[in-house]
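Below, each chain spelled out in residue letters.
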Amino acid sequence: MHLGPGESGNVFAMLFSSHAMNGHNRPPPLTILCLVLLSSYSYSKEISSEQLVERQGLKYEINSTIPFTGSVTHSRFFGWTSKRINYKDGKLDGVWEDYYDDIPEEVLQQRSNWRNGVRHGATETYTLNILTNTGVLTERKNYKNGKLNGLYETYSFEECGISSSQICSDSNSSLLKEKRNYKDGKEEGLYEYFHENGQLQVRGNLKDGIKEGVWEFFHENGELLRTETYKEGVLKSRYENG
């Protein structure tokens with residue numbers, strides 16, 4: 001028997017009503033197992049993007065009147081998968097993965113989380129290492145209800161001489177480059193920037209996206225270079241160390 005998304009609910013009702021007609025108050029274990037399997041199926045169905053259409057802002061399978069729930073794959077170049085996107089009730093919901101589409105392996109380029117049609121949770125970006133054909137984490141940020149919220153980190157990596165958007169290294173590691181914090185889409189709280197050797201270079205705080213309080217600047221050896229004091233984004237004082 002083939003079930004479309006959402007149709008499993010009709011089968012649930014049929015199983016329960018049939019059992020109730022026989023005078024039982026509690027469904028037997030076999031019925032419960034069927035319900036679990038059908039529910040899992042309704043959320044794990046995977047189709048290609050060609051089988052999906054949009055109507056009034058919601059995604060549907062072609063010839064279906066029920067908003068789509070499940071996973072959709074997009075393909076390019078010899079059928080290689082370039083995207084895998086999840087939907088619930090016709091809206092983006094769950095994990096969205098983008099892959100580098102010029103190589104046959106599913107090498108992750110970006111992974112984001114969605115809820116009810118907007119970004120919600122972590123989004124991670126990966127840069128391709130052309131020597132190892134793997135993705136190296138170079139950015140991680142967090143969203144809440146579609147707005148940047150929480151920690152935002154970027155990482156430095158060894159760039160290729162021919163392209164600054166790719167990595168040429170035997171190592172798949174990256175170093176923390178920058179840390180920001182956001183609240184409701186605006187920078188808020190601690191900001192840190194790091195030298196290429198991993199030592200802290202800049203540290204300060206922001207309020208509503210502007211500098212506030214004491215900002216510290218450091219040499220590559222970790223020694224304090226200078227301090228600056230801000231109020232509502234305006235520099236009030238500066239102290240050079242030595």
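Refer to the structure printed above.
Heads up: these notes are all about the structure in this document. By convention here, each chain's residues receive numbers from 1 onward along its written sequence. Residue-level local features of this predicted model are given only where pLDDT is at least 70; pairs of side-chain atoms are given and counted only at 80 or more, and the full residue set underlies all totals for whole chains, interfaces and linings. Water and hydrogen atoms were dropped before computing side-chain values, which therefore reflect all heavy atoms in the structure.

1. Focus: the overall build of the chain
Thinking step 1. Scanning the chain for helices and strands turns up two helices and 17 strands.
Thinking step 2. The 242 residues of the chain split such that 33% are buried.
Thinking step 3. At a minimum sequence separation of 6, the contacts of the chain that also span at least 24 residues come to 27%.
Thinking step 4. To measure how exposed things are, a 1.4 Å probe is used in the Shrake-Rupley method; for residues, cover is taken only from the protein chains shown. Counting only carbon and sulfur atoms, one obtains 49% of the accessible surface of the chain, whose full area is about 14,600 Å². Helix and strand assignments come from DSSP, with helices taken as H or I runs of at least 4 residues and strands as E runs of at least 2, each series counted from the N terminus. Relative accessibility thresholds used throughout: buried, under 20% of the residue-type maximum; exposed, over 50%; partly exposed, between the two (1.4 Å probe, protein chains only). We call two residues in contact whenever any of their non-hydrogen atoms come within 4.5 Å of each other.

2. Some details on the nonpolar core
Thinking step 1. Within the largest apolar cluster, nine residues are counted, these being I47, L52, F68, V72, I85, Y87, L92, W96 and W114.
Thinking step 2. Broken down by secondary-structure element, the contributors of at least two residues to this core are β5 (80-88) and β6 (91-99).
Thinking step 3. Not counting residues within four places of it along the chain, the set of residues in contact with W114 comprises L92, D93, G94, W96, R119 and H120.
Thinking step 4. V202, L206, W215 and Y230 belong to the second largest nonpolar core, which has six residues in total. Throughout, nonpolar core names a set of buried Ala, Val, Leu, Ile, Met, Phe, Trp, Tyr and Cys residues whose side chains join them through atoms within 4.5 Å.

3. A look at the pattern of salt bridges
Thinking step 1. By convention in these notes, a salt bridge is any Lys or Arg side-chain nitrogen within 4 Å of a carboxyl oxygen on Asp or Glu. The full count for this structure, using the stated rule, is 17 salt bridges.
Thinking step 2. A salt bridge links R84 to E46; the nearest nitrogen and oxygen atoms lie 3.2 Å apart. You can see R84 sitting in strand β5 and its partner E46 sitting in strand β1 (residues 46-48), a full 38 residues away along the chain.
Thinking step 3. R84 sits in the buried class, given a relative accessible area of 19%.
Thinking step 4. Overall, the relative accessible area of 45% leaves E46 in the partly exposed class.
Thinking step 5. Notably, a salt bridge pairs E187 with R180, separated by 2.8 Å at the nearest N-O pair.
Thinking step 6. Beyond isolated ion pairs, a larger network of salt bridges with shared partners links E97, R111, E124, R140 and E153.

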